[in-house]
Amino acid sequence: MNIEKRFHELISTNKRQILSICRYYSRINQILTADDLFQEIVLGLWRSYPKFIKQDNCKESTWVYRVALNVSISQSRKNKFKFANIDDADASNIVDENDDETAILHLYELIKQLNQEEQVLLYLYIESKSHKEISDILGISVTNVGTKIQRIKSKLKILNDGKR
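Scope of this entry: the structure provided in the associated data block. (Residues numbered from 1 in each chain as written. Predicted model: local features only at pLDDT ≥ 70, side-chain atom pairs only at ≥ 80, totals over all residues. Heavy atoms only, no water.)

### A short note on the overall build of the protein
The secondary structure content of the protein amounts to seven helices and zero strands. Ordered by position from the N terminus, the helices and strands of the protein form the series α-α-α-α-α-α-α. Sequence separation of at least 24 residues holds for 66% of the intrachain contacts in the protein that already meet a minimum separation of 6. Of the roughly 9,700 Å² that the protein leaves accessible, carbon and sulfur atoms contribute 47%. (Helix = DSSP H or I, 4+ residues; strand = E, 2+ residues; numbered from the N terminus. Contact = heavy atoms within 4.5 Å. Areas by Shrake-Rupley, 256 points an atom, 1.4 Å probe, with all protein chains shown as cover.)

### Observations regarding the nonpolar core
By size, the foremost hydrophobic cluster in this structure holds 41 residues, and its most contacted members are Ile-18, Ile-21, Tyr-25, Ile-41, Leu-45, Trp-63 and Leu-124. Elements with a minimum of two residues in this core: helix 1 (3-26), helix 2 (34-55), helix 3 (60-78), helix 4 (101-112), helix 5 (116-126), helix 6 (131-138) and helix 7 (142-163). Those residues in contact with Ile-41, other than ones at most four positions away along the chain, are Ile-18, Ile-21, Cys-22, Val-67, Ala-68, Val-71 and Ser-72. (Core = buried A, V, L, I, M, F, W, Y, C linked by side-chain atoms within 4.5 Å. Buried < 20%, exposed > 50% of the residue type's maximum accessible area, 1.4 Å probe, protein only.)

### Observations regarding the packing of aromatic side chains
One pass over the structure, following the stated rule, counts five aromatic pairs. Here a set of aromatic residues connected by ring pairs shows up, and it is made of Phe-7, Trp-46, Tyr-49, Phe-52 and Trp-63. (Phe/Tyr/Trp six-rings, centres within 6.5 Å; stacked < 30°, edge-to-face > 60°.)

### Some thoughts on the side chain of Ser-72
Position of Ser-72 among the secondary structure elements: in helix 3. In terms of polar contacts, Ser-72 uses its side chain to reach the backbone carbonyl oxygen of Ala-68, at 2.8 Å. (Polar contact = N/O pair within 3.5 Å; in protein donor to acceptor, adjacent residues only side chain to side chain.)

### What to know about the pattern of salt bridges
Across all of its chains, the model carries five salt bridges by this definition. The salt bridge involving Lys-59 is made with Glu-133; its shortest N-O contact spans 3.8 Å. Of the two residues, Lys-59 is situated in the loop between helix 2 and helix 3 and Glu-133 in helix 6; the sequence distance between them amounts to 74 residues. On the basis of relative accessibility, which here comes to 21%, the residue Glu-133 falls in the partly exposed class. (Salt bridge = Lys/Arg side-chain N within 4 Å of Asp/Glu carboxyl O.)

### Observations regarding helix 2
Side chains three or four residues apart in an α-helix point the same way, a direct result of the helix having 3.6 residues per turn. The first and last C-alpha atoms of helix 2 sit 30 Å apart over 22 residues, in line with the 32 Å expected at 1.5 Å per residue. Ser-48 marks the point of greatest bend in helix 2, at about 50 degrees, and the proline Pro-50 comes within the next four residues. Among the residues of helix 2, Leu-37, Phe-38, Ile-41, Val-42, Gly-44, Leu-45, Tyr-49 and Phe-52 are the ones counted as buried. In this structure, the buried side of helix 2 is in contact with helix 1 and helix 3. (Expected span 1.5 Å × (residues − 1). Bend = angle between axes of the 7 residues up to and from the residue.)

### Examining unusual backbone geometry
The backbone phi angle of Ser-128 is positive, close to 65 degrees, even though this residue is not glycine. Take Ser-128: it is sitting in the loop between helix 5 and helix 6.

### A word on the packing of helix 2 against helix 3
For the pair helix 2 and helix 3, the least separation of the axes is 9 Å and the interaxial angle reads 130 degrees. In terms of orientation, helix 2 and helix 3 fall into the oblique class. By crossing handedness, the relation of helix 2 to helix 3 is classed as right-handed. Where helix 2 approaches helix 3, its residues Leu-37, Glu-40, Ile-41, Gly-44, Leu-45, Ser-48, Tyr-49 and Phe-52 are matched on the opposing element by Glu-60, Trp-63, Val-64, Val-67, Ala-68, Val-71, Ser-72 and Gln-75. For the contact of helix 2 with helix 3, the per-class residue count stands at 10 nonpolar, four polar and two charged. (Axes fitted to C-alpha atoms, helices over the stretch in contact; angles between N-to-C directions. Parallel < 35°, antiparallel > 145°, perpendicular 65-115°, else oblique. Left-handed = near helix turned anticlockwise from the far one by under 90°. Nonpolar A, V, L, I, M, F, W, Y, C, P; charged D, E, K, R; others polar.)

### Considerations on the environment of Leu-156
Looking at the element boundaries, Leu-156 is found in helix 7. Remark: the alpha-carbon pair of Leu-156 and Leu-107, spanning 49 residues in sequence, is separated by 8.5 Å.

What follows is the structure, encoded as structure tokens:
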């Protein structure tokens, strides 16, 4: 199979994950749309694809996440974005099901106070990535992933208690 066909299959297989990242990062600024970010990510994947094929030392999905997150962060810096929101559905893991939209908006405000690394880690956690997958994507140990998640939860609780 030729390289272009393999690449198209890679994009098709991982399109949902790429679009999820695009929606997440495009919500924080009207300048860059999810479609624009998707194109930037695909371009970034295409540019690094030959190197990925040669190394082949991680899963495709892990590599796609890593490139997509790096391109998104790079674009956000370039456009001076502020990291902000997650989807309402994603907030369900943190906010009780009975909470209304006001509580979800309050959660968004708390998440805005997290640093960039914490927001990325929280995004992957909310996306139901395993500690191992998060470790591979972010290049940190599995133990460190668990520790950071617990610290983020504690930080969100402290931030929430301070707002009351």
